[in-house]
Amino acid sequence: MPSYSTQATTSGGRNGRAVLENGGLALAMALPKDIGGSGEGHNPEQLFALGWSACFGQAILVLAKKHGLDGQAAKVTCDVTLNINDGSFSLSAELRVALPGADKAKLQALIEDAHSICPYSKATKGNVPVKLIAV
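Quantities reported herein were computed from a predicted structural model and do not represent experimental measurements.

### A word on the packing of helix H1 (residues 44–63) against helix H2 (residues 104–117)
Any two packed helices are characterised by how steeply their axes cross, that is the angle between the axes, and by the distance between the axes. At a minimum axis distance of 9 Å, the contact between H1 and H2 shows a crossing angle of 115°. Crossing of H1 over H2 shows right-handed handedness. Judged by residue contacts, Trp52, Phe56, Ala59, Ile60, Val62 and Leu63 of H1 engage Leu110, Ile111, Asp113, Ala114, His115 and Ile117 from H2. When grouped by side-chain class, the residues that make up the contact of H1 with H2 number 10 nonpolar, one polar and one charged.

Dropping the structure here:
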C-alpha cells in the first residue's frame, strides 16, 4: 500500500510562522493568551486537535458498519490540553463523538475500536492520557 509524507517548516517557534512544503497553508503562530501570549495566531495544540479530529473521524467512517452504525453523520470533537507543571510540559486529550440516533453502547464500542486504528491515537498511546466519550 502506498504511503504519504508531508513537510512543514516553522521559524520563530510558538511565536513564529509555520508553512507547509507546498505553500498551500501558512500560519502565524502565537502563544495562547491563557499562558501569557498574545493569542494572535495559532498554536500547535490547535493544529494537533484539528488533525486528530479529522483522522479519528475517518477511523469512525471505516469501522461504523462493523458496529451496525452509519458513521456519515458522526461529529468528532478533540480537546487537546497543554499541561504545565513546575516547568514541565505534557499533553492530555479528550475525543468526543456524537452520532445522532446511535445506541450509546454501540457508539462507545465504535469509538474504542477507532482509537485502536487511528494513527494519531496510535502515536499518542502510552504518552498522552485520552478520554473517549460517546455523546
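Still more ground to cover, so stick around.
### Let's talk about the nonpolar core
The biggest cluster of nonpolar side chains holds 23 residues, and the ones touching the most others in it are Trp52, Phe56, Ile60, Val97, Leu107, Leu110 and Ile111. Counting only elements with at least two residues in this core, the list comes to H1, strand E4 (75–85), strand E5 (88–98) and H2. When residues of this core are assigned to their parent elements, the largest contribution, seven residues, is made by H1. Excluding its chain neighbours within four sequence positions, the residues that come into contact with Ile60 are Gly71, Ala74, Val76, Val97, Leu110, Ile111 and Ala114.

### Regarding the environment of Leu69
Relative to the elements of secondary structure, Leu69 occurs in the loop between H1 and E4. In the structure, Leu69 is positioned 32 residues away from Gly101 in sequence and 9.5 Å away in space, judged by C-alpha atoms. In this structure, Leu69 is in contact with Ala64, Leu99, Ala102, Lys106, Leu107 and Leu110, ignoring residues within four places of it in sequence.

### What to know about the domain arrangement of the chain
Domain assignment breaks the chain into domain 1 (1–42) and domain 2 (44–134). The interface of domain 1 with domain 2 comprises six residues on the first partner and six residues on the second. A per-residue breakdown of the area domain 1 buries against domain 2 is headed by Arg14, Ile35 and His42, which together make up 69% of the total. On the surface where domain 1 and domain 2 come into contact, there are one salt bridge.

### Focus: the packing of aromatic side chains
As enumerated under the stated definition, the model contains two aromatic pairs in all. Residues Phe48 and Trp52 carry aromatic rings whose centres are separated by 5.4 Å and whose planes lie at 65° to one another, so their mutual orientation is edge-to-face. Of the two residues, Phe48 and Trp52 both sit in helix H1, four residues apart, roughly one turn of that helix. Phe48 sits in the partly exposed class, given a relative accessible area of 26%. An aromatic cluster is built from Phe48, Trp52 and Tyr120, whose rings are joined through pairwise contacts.

### Some remarks on the sheet that holds strand E6 (residues 130–134)
Pairing within the open sheet is mixed, and its three strands lie in the order E4-E5-E6. Either end of the sheet is taken by a strand with one partner, and the two such strands are E4 and E6. Between one strand axis and the next, the sheet turns through 15° on average, direction left out of account. Taken together, the 11 bridges between E4 and E5 define a ladder with antiparallel strand orientation.

Conventions adopted
Residues numbered from 1 in each chain as written. Predicted model: local features only at pLDDT ≥ 70, side-chain atom pairs only at ≥ 80, totals over all residues. Heavy atoms only, no water. Axes fitted to C-alpha atoms, helices over the stretch in contact; angles between N-to-C directions. Helix = DSSP H or I, 4+ residues; strand = E, 2+ residues; numbered from the N terminus. Left-handed = near helix turned anticlockwise from the far one by under 90°. Contact = heavy atoms within 4.5 Å. Nonpolar A, V, L, I, M, F, W, Y, C, P; charged D, E, K, R; others polar. Core = buried A, V, L, I, M, F, W, Y, C linked by side-chain atoms within 4.5 Å. Buried < 20%, exposed > 50% of the residue type's maximum accessible area, 1.4 Å probe, protein only. Domains from an automatic or database assignment. Buried area = accessible area lost by both parts, 1.4 Å probe. Salt bridge = Lys/Arg side-chain N within 4 Å of Asp/Glu carboxyl O. Phe/Tyr/Trp six-rings, centres within 6.5 Å; stacked < 30°, edge-to-face > 60°. Pairing = 2+ DSSP bridges.

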